[in-house]
Amino acid sequence: MKPAPAAPSVCALQRLLDARDLRMHFQPIVSVPTARVLGYEALARGPQGSPYASPLPLFGAAREVGQLAPLERLCRERAVEGWVATELSELLFLNVTPEVLIDPAHINGQTIALLAAHGLSPQQIVIEITEQSPGIDPYLMAEAAQHYQAMGFAIALDDLGDGYAGLRLWSQLNPDYVKLDRHFVSGLDHDRVKRRFVRSIVDIAHSLGSRVVAEGVEREGELQALVELGTDFYQGWLFARPSPTPQDKRAELEAKLMALATARRQSAAVTEIRRLSVALPTLAAGTSVAEAAECFSRLPNANALAVIDKRHQPLGLLGRQQLMALLGKRYGFDLHGRQPVETVMQRRALCVEAGEPLEQVSRKVTGRDESMRDEDFIITDAGRYLGIGHVINLLQLFTEQQVQLARQANPLTQLPGNRPIRAALEHYQRQNTPFVACYLDLDHFKPFNDRFGYALGDQMILTLARVLSEAVGREDFLGHLGGDDFIMLLDDSADLHQRLAALQRHFAAESLELLPEAERRAGGFEAKDRFDQLRFFPHTRLSITALRVPVDARIDSFGDLWSRFKSAAKRAPHGRVVVSLRGEQRYLQR
């Protein structure tokens, strides 16, 4: 009896492996503020027109028939061969599925041998730990990452946020890069919830010393939102599609990055980070530890020196204390003196751009692990080394800015005043995302002030400021124009009416406590009106005029619009109107 023929998928997959019939495409990972390319991710493609042209069915079939290890080995071989042929010098990101490490067909040391055969080192490679099959043991994934970290590779954690296992792995490892899943990137500029998730992920990553790569960036609106949230690197069709010959598209990519970086600098707020830069000498790649020690001896006030490559881009940071602790050990100089500084430097040193907002830099510095908070950081200009930043100088500059803001704040509530409010309105319009601009004031406040005195009137204003402050979120803005006039800028949301109504109810309850018992029971108070006639006024009420501002709106004067609809808000039974702006037309919703 003849044996049954092998399944077509097994035969086709084996033919693919035997013929090495894989195509490798490369997609850039870029830094927009610096207009430079960090590296390229290698992406496998099967034979065109076959069921395995896409990587998902290709790897799925290999997993089913026990050929995952041979397929991954072939992918790495083809990726390194293709990368060397491009003659590009950036980092190469290689995807690795951790389950191959327990496959009997996997042989340790293959990647190191492959790189050596093509003249590459582990320092030029970033291993992306990726998981495509559900239910994989997070401890196995941690073992995979540690396996490569021990050999000198940088590690990237792929598809962060895609599942619980990825978060567990993140808590067990200390990856150099975390790649934000494209789900959080798509439509980020129009989604308040996604923005909050991304900000939290970025803050956690920076506190752990990792850098965030946002995948799937396709629109400039998404990019702008990601830049403002502090992500470090970007990947997606907005910059370039995967290509087998990325070197042919390099000039086009660099022109695109330069245009994006220039546009961002023109729209960015003025920053003073450049003031922090201390122009210390640098250590070239390949400098020995002994030479570095001699350099420190000539610079007694230098706490750390940057190590840079031939393009003046930072590779890491070498601290004086770290170096002295190494050489101060018994036989330390004999053991380490001839080693290149790359083997002992801090590779994950914090780098910030001279054009970054001060608040963002401060968040990166103070968000680091407690043991690293006092360490110096590197300041770059368009990706090239500019100087060293000292934490004490950053704190001093931040304090100066806070003092300056305080001078522009309202003296009673200490909330931002006229100039910060104008700057905030301009900033929200540049965000390329819809928002709500609210004007809030009090009904019958002047009679209340006249009747009960300025001291109680100030208490009423402070009560309103407290209620509003408690209601605004981290992404919102609250300012005080003066008197009983406040400005609140919010991310657009479907529950706006409910949110504003809750504000009014909260203020009504809090402000009622300021009135004497008789006036509370009476539902109001007697005071003179503008004609100097004594009459009855109801309790002071919060009125709100809210403008829904779409992405394409260009408003010359918010004050004119608020004035146009303010009386409608005061006449409304619930004391508010929400106006949706649509180009030249405006629709009033009550």
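The rules we used
Residues numbered from 1 in each chain as written. Predicted model: local features only at pLDDT ≥ 70, side-chain atom pairs only at ≥ 80, totals over all residues. Heavy atoms only, no water. Helix = DSSP H or I, 4+ residues; strand = E, 2+ residues; numbered from the N terminus. Buried < 20%, exposed > 50% of the residue type's maximum accessible area, 1.4 Å probe, protein only. Contact = heavy atoms within 4.5 Å. Areas by Shrake-Rupley, 256 points an atom, 1.4 Å probe, with all protein chains shown as cover. Lys, Arg positive; Asp, Glu negative; His and termini not counted. Charge placed at Lys NZ, Arg CZ, Asp CG, Glu CD. Salt bridge = Lys/Arg side-chain N within 4 Å of Asp/Glu carboxyl O. Expected span 1.5 Å × (residues − 1). Phe/Tyr/Trp six-rings, centres within 6.5 Å; stacked < 30°, edge-to-face > 60°. Core = buried A, V, L, I, M, F, W, Y, C linked by side-chain atoms within 4.5 Å. Pairing = 2+ DSSP bridges. Axes fitted to C-alpha atoms, helices over the stretch in contact; angles between N-to-C directions.

Draft legend 1. Main features of the overall build of the protein. Secondary structure assignment for the protein yields 21 helices and 22 strands. Considering only C-alpha atoms, the protein reaches an extent of 105 × 75 × 45 Å along its principal axes. By the burial criterion, 51% of the 590 residues in the protein qualify as buried. When contacts within the protein are restricted to residue pairs at least 6 apart in sequence, those whose partners lie at least 24 apart make up 68%. Accessible surface for the protein amounts to roughly 28,300 Å². Of this, 53% is attributable to carbon and sulfur atoms. Both charge centroids of the protein, one from 68 positive and one from 72 negative side chains, sit 3 Å from each other.

Draft legend 2. Expanded view of the pattern of salt bridges. One pass over the structure, following the stated rule, counts 34 salt bridges. As a salt-bridge pair, D450 and K446 come within 3.0 Å of each other at their nearest N and O atoms. Of this pair, D450 and K446 both sit in helix 17 (residues 445-452), 4 residues apart, which is roughly one turn of the helix. With relative accessibility at 46%, the residue D450 sits in the partly exposed group. With a relative accessible area of 59%, K446 lands in the exposed category. Within the structure, one salt-bridge network assembled from shared partners comprises E90, R250, E254, D309 and R311.

Draft legend 3. Structural detail: helix 16 (residues 418-430). Taking 1.5 Å per residue as the helical rise, helix 16 with its 13 residues ought to reach 18 Å, and the 19 Å between its terminal C-alpha atoms agrees with that figure. Inspection of helix 16 places P420, I421, A424, L425, Y428 and Q429 among the buried residues, and these make up the whole buried set. The inward-facing, buried residues of helix 16 contact strand 15 (435-443), strand 16 (477-482), strand 17 (485-491) and helix 21 (558-571). Residue N432 follows helix 16 closely and has a positive phi angle near 60 degrees.

Draft legend 4. Molecular detail of the packing of aromatic side chains. Counted under the stated rule, the structure contains 14 aromatic pairs. Ring centres of F184 and F197 lie 5.8 Å apart, and the angle between their planes is 45 degrees; on these two criteria the pair is classed as tilted. Highlighted residues: F184 in helix 7 (residues 182-185) and F197 in helix 8 (residues 192-207), separated in sequence by 13 residues. A centroid spacing of 6.0 Å and a plane angle of 75 degrees characterise the contact between F448 and F525, whose relative ring orientation is edge-to-face. Of this pair, F448 sits in helix 17 while F525 sits in strand 18 (residues 524-528), and the two are 77 residues apart along the sequence.

Draft legend 5. Representation of the nonpolar core within the structure. Within the largest apolar cluster, 71 residues are counted, with the highest numbers of intra-cluster contacts made by L71, I127, V217, L223, L226, Y234 and F239. Looking at this core, the element that brings in the most residues is helix 3 (residues 68-86), giving 7 residues. Leaving out residues up to four positions away in the same chain, L71 has contacts with L16, L17, L22, L58, F59 and A62. In this structure, L415, I461, L478 and L503 belong to the second largest nonpolar core, which totals 30 residues.

Draft legend 6. Spotlight on the sheet that holds strand 12 (residues 351-353). In spatial order, the strands read 12-13-14; together these 3 strands make up an open sheet with mixed pairing. Here the strands that pair on one side only, and so sit at the sheet edges, are strand 12 and strand 14 (384-389). Taken pair by pair, the neighbouring strands of this sheet meet at an average axis angle of 35 degrees, ignoring direction. Relative to strand 13 (residues 377-381), strand 12 is paired through 3 bridges, and the arrangement is parallel. Looking at the pairing, V352 lines up with I379 of strand 13.

Draft legend 7. Region of interest: the pairing of strand 14. Sheet topology note: the strand 13/strand 14 ladder contains 5 bridges and is antiparallel. When the sheet's bridge partners are listed, I378 is paired in strand 14 with I388. A loop of 2 residues connects strand 13 with strand 14, the two strands running antiparallel in sequence, and A382 in this loop sits at a positive phi of about 55 degrees.

Draft legend 8. Quick peek at the sheet that holds strand 11 (residues 314-319). In spatial order, the strands read 9-10-11; together these 3 strands make up an open sheet with mixed pairing. Each end of this open sheet is capped by a strand with a single partner; those strands are strand 9 (283-284) and strand 11. Two elements, strand 9 and strand 10 (residues 304-308), share 2 bridges in a ladder whose sense is parallel. Residue L283 lies in a different strand from strand 10, and its bridge partner there is V307. Contacting strand 10 and strand 11, helix 12 (residues 320-327) runs over the sheet at an angle of about 65 degrees to strand 11.

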